Amino acid sequence: DKNYFASFLTEYARYGRGAEIRFDLKKISFGGFYNHPRFFRDIKDEFNMYSKLKIGKQSEITAGYLYKTPRAESTDITFSNMRLDSDAHLPYVTGKFNINKNLEISGETSYSKTAKTDGTAFMIQTIANYERVKGNVMYMRASPEYAGYFNNTSNININLQYQLSKQIHFIANYVQ
C-alpha cells in the first residue's frame, strides 16, 4: 500500500496496492508501477512505465506512458466529473531545468485517448528562490475530455514570500 505517482497531470498521487520498480544508472533512470487504487471507484488498474534522462546536476527530462483500465461494474461513487468510458492511454513528457542557482522552470504536456474521447493537458511552473524573496508561478490547463488526474481545469497559482527579518515574513497568494 502506498501512493503511486506517474506525473503531475497523469497520476499525481493515487493511493493503492501494487508494485513499483526503478533502475537508476548514471544519467538514465527507468521503471514503472502497477497500482490497484483503493479509494477511487472509477479506475480498476493502472500501469505506468517511464524513462528519465538527467541533464547536469539538477535538470531532467522524463518520457512516460500511463495505462488505466476502468471498473467493469457500475458504482454510484465518483470523485471526479470524468468517468473512464474505456481503457485510457496517456503518454506524457515532463522537464525540469535549473536556469541558475536561484531559478527553476518545469513543465509537462500529456495526451489522453479512450475509445470515445481525446484530451490534452499541460502545465508550466517557475520557481524563484533568492535570499529575501521566494516565488512560485504555476499555470495548468486540462481539457474536459482529458483522462488524467485533472480534467476540465484551468488554474493559475502564484505564491510570493518576502523576508523582512528572521521573524517577519510577508506572504501573498493568488489562485484562480
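Our subject is the structure that appears above.
**Overview of unusual backbone geometry**
Even without a glycine there, the phi angle at N152 is positive, about 50°. With respect to the secondary-structure elements, N152 resides in the loop between β9 (133–142) and β10 (153–163).

**Remarks on the environment of Y146**
Take Y146: it is sitting in the loop between β9 and β10. Along the primary structure Y146 and T120 are separated by 26 residues, whereas in three dimensions their C-alpha atoms are 5.5 Å apart.

**With respect to the pairing of strand β11 (residues 169–175)**
Where a strand is regular, its side chains alternate between the two sheet faces. Inspection of the sheet shows β10 paired to β11 by seven bridges, in the antiparallel sense. Paired with I158 across the strands is Y174, a residue of β11. Two successive antiparallel strands, β10 and β11, enclose a turn made up of five residues.

**What to know about the side chain of T62**
Here T62 lies in strand β5 (residues 59–70). On the basis of relative accessible area, T62 is assigned to the buried category, the value being 8%.

**Notes on the nonpolar core**
Counting residues in hydrophobic clusters, the biggest one holds 20 residues, and the most contacted among them are F8, L9, M123, M140 and Y146. At the level of secondary structure, the elements contributing two or more residues to this core comprise β4 (43–55), β6 (88–100), β8 (118–129) and β9. The residues touching L9, leaving out its near neighbours within four places in the chain, are E108, A121, F122, M123, M140, Y146, G148, Y149 and F150.

**Quick notes on the pattern of salt bridges**
Tallying each qualifying case throughout the model produces eight salt bridges. Here K2 makes a salt bridge to E20, at a shortest N to O gap of 2.4 Å. With a gap of 18 residues between them, K2 in strand β1 (residues 2–4) and E20 in strand β2 (residues 14–24) connect regions that are remote in the sequence. Here K2 falls in the partly exposed class, since its relative accessible area comes to 34%. Within the structure, one salt-bridge network assembled from shared partners comprises D1, R17 and R38.

Scoring rules and cut-offs
Residues numbered from 1 in each chain as written. Predicted model: local features only at pLDDT ≥ 70, side-chain atom pairs only at ≥ 80, totals over all residues. Heavy atoms only, no water. Helix = DSSP H or I, 4+ residues; strand = E, 2+ residues; numbered from the N terminus. Pairing = 2+ DSSP bridges. Buried < 20%, exposed > 50% of the residue type's maximum accessible area, 1.4 Å probe, protein only. Core = buried A, V, L, I, M, F, W, Y, C linked by side-chain atoms within 4.5 Å. Contact = heavy atoms within 4.5 Å. Salt bridge = Lys/Arg side-chain N within 4 Å of Asp/Glu carboxyl O.

Note that every value here comes from positions in space, so none of it alone points to a role or purpose.
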